[in-house]
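# Remarks on the overall topology
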Amino acid sequence: NHLFDCILFLLACFFQGLSLLFLDSNACKNNSVIQEISDTTFREDVTFPDTCSISTGAKCIIAATVFWGLAAFASADAYRAKRQKEDEQTGLEEPLTEPLMVGEAL
């Protein structure tokens, strides 16, 4: 069903976009767990940046959000076209073989 697909694609687009909000949250900025790991690690080659930034993964999320949205609109258009085709086909599916009124010729 194209309408159900459209709704699912819109939900995927919405939640994929919500994952970008992580970059602006307290989990990404001023994270006490990351700070504690940074303070207690004894390895010099392990460092964590102070803030999150848009990198390759975030760019992929942006692209995925756009593609989910496009899929939703394409699915909605397919649903609309299917409904329009069904509306155009209302009428007789088989040829008329009997007269409509008694005494009427074909």
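## Some words on the pattern of salt bridges
Under the definition given, this model contains 1 salt bridge. As a salt-bridge pair, Asp 77 and Arg 80 come within 2.7 Å of each other at their nearest N and O atoms. Of this pair, Asp 77 and Arg 80 are both found in helix 3 (residues 56–88), 3 residues apart, which corresponds to roughly one turn of the helix.

## What about the packing of helix 1 (residues 2–18) against helix 3?
Contact geometry for helix 1 and helix 3: axes closest at 8 Å, N-to-C directions at 165°. As far as their axial angle goes, helix 3 and helix 1 are roughly antiparallel. The two elements helix 1 and helix 3 meet at a crossing, and its hand is left-handed. Every residue of helix 3 that contacts helix 1 at His 2, Leu 3, Asp 5, Cys 6, Phe 9, Leu 10, Ala 12, Cys 13, Gln 16 and Gly 17 is listed here: Ile 61, Ala 64, Thr 65, Trp 68, Gly 69, Ala 71, Ala 72, Ser 75, Ala 76, Ala 78, Tyr 79 and Lys 82.

## Considerations on the packing of aromatic side chains
As enumerated under the stated definition, the model contains 2 aromatic pairs in all. Ring geometry for Phe 14 and Phe 15: centres 5.2 Å apart, planes at 70°, overall edge-to-face.

## Quick look at the side chain of Ser 75
Tracing the chain through its elements places Ser 75 in helix 3. With sequence-adjacent residues up to four places away left out, Ser 75 is seen in contact with His 2, Asp 5, Cys 6 and Phe 9.

Definitions and cut-offs
Residues numbered from 1 in each chain as written. Predicted model: local features only at pLDDT ≥ 70, side-chain atom pairs only at ≥ 80, totals over all residues. Heavy atoms only, no water. Salt bridge = Lys/Arg side-chain N within 4 Å of Asp/Glu carboxyl O. Helix = DSSP H or I, 4+ residues; strand = E, 2+ residues; numbered from the N terminus. Axes fitted to C-alpha atoms, helices over the stretch in contact; angles between N-to-C directions. Parallel < 35°, antiparallel > 145°, perpendicular 65-115°, else oblique. Left-handed = near helix turned anticlockwise from the far one by under 90°. Contact = heavy atoms within 4.5 Å. Phe/Tyr/Trp six-rings, centres within 6.5 Å; stacked < 30°, edge-to-face > 60°.

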